[in-house]
Amino acid sequence: MEPIHDLTIKAVFFDVDGTLISFKTNSIPDSTQNAIRKLRAKGIKVIVATGRSINSLEHIKHIDFDGFITFNGGYCMSAEGEIMFKEAIDPSDIRNLIMYSRKHPLSYSLMYEDKVEINDATPELVGMYAHINLPVPPVHDKNHIDTDHVLQANIFLGPDDEKSFMEKVMPNSVSSRWTPLFADVNPGSISKQTGIEYFCRHFGIDLSETMSFGDGGNDISMLKCTKIGIAMGNANDRVKEIADYITEDVDHHGIEKALLYFGIF
């Protein structure tokens, strides 16, 4: 895609893992931190859009953001800490998930506003939390599981089994993934696009004035709905196929290079 010379951008949305944060260093490159400061200095809103919970963002809290889209759009919070939007998964889907796991080998995690719980500390689940540099959550009490307030679930099954599982076990929810290891599960009407549209209304910004960066399957709705959707060089092929532009990977200053390419600063 050629640069758009009359492009006006008022908000930029960033995925976290593999986009802002390098999987190699578990940190945000200096070039990205400098780019975010330049955006905000120009009055451009900078908003996080992640599948992480609101309580697992401590490693980016040293950077000033204008808002947080978490749980893949199911929980939006202002920079001042005001909860702007929240939607839980249909409780019947969570009950189905629990019953299914008691009859079939399946690891999962349940993510709430204030905690995360897992059903079993399997090697694959422990490995996933190590991959995203987070402590392994506690195993929940199988006799006292809160099924009414789950904002997101992670289900550890392969891509080939995902569609059938969702149709049979969690039909009121939607799945997306950024790794072959597991899928994120969210309320059926929710995606990162939901959060983007909410923040655009909040700030009075049109979608034609937005840009986004992502690398995983759960970023596809975000990249498609913003005016310019940018895939990181480390993005999977499906993300690259729908992106307006493909930049370098997170470890080679991809965000800064794309913003310079489009003349944003």
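As shown above, the structure is provided for reference.
I will try to describe carefully the structure that is included in this document. (Residues numbered from 1 in each chain as written. Predicted model: local features only at pLDDT ≥ 70, side-chain atom pairs only at ≥ 80, totals over all residues. Heavy atoms only, no water.)

Looking now at the pairing of strand E9 (residues 173–179). Burial analysis of E9 places five of its seven residues in the buried class, which makes it a mostly covered element. Connecting E9 to the next strand, strand E10 (residues 182–187), in antiparallel fashion are two residues. (Buried < 20%, exposed > 50% of the residue type's maximum accessible area, 1.4 Å probe, protein only. Helix = DSSP H or I, 4+ residues; strand = E, 2+ residues; numbered from the N terminus. Pairing = 2+ DSSP bridges.)

The sheet built from eight strands is open, its strands ordered E5-E4-E3-E2-E1-E11-E12-E13 with mixed pairing. At either margin of the open sheet sits one strand with a lone partner, and together these are strand E5 (83–86) and strand E13 (245–246). As paired elements, strand E11 (residues 210–214) and strand E12 (residues 228–231) share four bridges and run parallel to each other. Paired with methionine 211 across the strands is isoleucine 228, a residue of E12. The sheet contacts of helix H5 (residues 192–203) involve strand E1 (11–14), strand E2 (45–49), strand E3 (67–70), strand E4 (75–78), E5 and E11, and relative to E3 the element is tilted by about 155°. (Contact = heavy atoms within 4.5 Å. Axes fitted to C-alpha atoms, helices over the stretch in contact; angles between N-to-C directions.)

Let's shift gears to the sheet that holds E10. In space, the five strands of this open sheet follow the order E7-E6-E8-E10-E9, with antiparallel pairing throughout. If you trace the sheet from one side to the other, it starts and ends with strand E7 (116–118) and E9, each paired once. Strand-to-strand twist of the sheet, defined as the mean angle between neighbouring strand axes without regard to direction, takes the value 20°. Bridge count for E9 against E10 is five bridges, and the pairing is antiparallel.

Right, let's talk about the packing of helix H1 (residues 30–41) against helix H8 (residues 254–261) for a bit. Close contact between H1 and H8 brings their axes to 7 Å; oriented N to C, the two are set at 40°. Accordingly, the angle class assigned to the pair H1 and H8 is oblique. Each of Ser31, Thr32, Ala35 and Leu39 in H1 lies in contact with H8, whose residues at this interface are Ile255, Glu256 and Leu259. For the contact of H1 with H8, the per-class residue count stands at four nonpolar, two polar and one charged. (Parallel < 35°, antiparallel > 145°, perpendicular 65-115°, else oblique. Nonpolar A, V, L, I, M, F, W, Y, C, P; charged D, E, K, R; others polar.)

Another point: the packing of aromatic side chains. Tallying each qualifying case throughout the model produces 10 aromatic pairs. When the centroid spacing of 5.2 Å and the interplanar angle of 15° are considered together, the rings of phenylalanine 14 and phenylalanine 213 count as stacked. A residue pair is termed long-range when its members are at least 10 positions apart, and phenylalanine 14 in strand E1 and phenylalanine 213 in strand E11 qualify at 199 residues. Relative accessible area serves as the criterion here: at 0%, phenylalanine 213 is assigned to the buried category. With 4.4 Å between their ring centres and 15° between their planes, tyrosine 245 and tyrosine 261 make a pair best called stacked. In this pair, tyrosine 245 is assigned in strand E13 and tyrosine 261 in helix H8, connecting sequence segments 16 residues apart. On the basis of relative accessible area, tyrosine 245 is assigned to the buried category, the value being 17%. The partly exposed category is assigned to tyrosine 261, whose relative accessible area is 28%. A network of ring pairs unites the aromatic residues Tyr245, Tyr261 and Phe262 as a single cluster. The ring of phenylalanine 68 carries the charged tip of lysine 61 above its face, separated from the ring centre by 5.8 Å. A cation over an aromatic ring shows up here: lysine 115 above the ring of tyrosine 112, its NZ or CZ 5.0 Å from the ring centre. (Phe/Tyr/Trp six-rings, centres within 6.5 Å; stacked < 30°, edge-to-face > 60°. Lys NZ or Arg CZ within 6 Å of the ring centre and 35° of its normal.)

Let us now look at the pairing of E11. Of all five residues that make up E11, five are buried, and the element is covered over most of its length. Side-chain alternation along E11 places Thr210, Ser212 and Gly214 on one buried face and Met211 and Phe213 on a second face that is also buried. Alignment of E1 against E11, held across four bridges, turns out to be parallel. Bridge assignment links valine 12 to a residue of E11, and that residue is methionine 211. Read as a crossover between parallel neighbours, the route from E11 over helix H6 (residues 220–225) to E12 is right-handed. (Right-handed = clockwise from strand over helix to strand, strands pointing away.)

Looking now at the environment of arginine 52. For arginine 52, the position within the fold is in the loop between E2 and E3. Separated by 18 residues in the primary sequence, arginine 52 and threonine 70 have C-alpha atoms spaced 5.8 Å apart. There is a polar contact of 2.8 Å between the side chain of arginine 52 and the side chain of aspartate 17. (Polar contact = N/O pair within 3.5 Å; in protein donor to acceptor, adjacent residues only side chain to side chain.)

The next thing to look at is H5. Here H5 spans 17 Å end to end across 12 residues, near enough to the 16 Å set by a 1.5 Å rise per residue. Where H5 is concerned, the buried positions are Lys192, Gly195, Ile196, Phe199 and Cys200. Projected down its long axis, H5 shows its buried positions confined to an angular sector of 135°, all on one face. (Expected span 1.5 Å × (residues − 1). Arc of directions from axis to C-beta.)

By themselves, these figures tell us nothing about what the structure is for.
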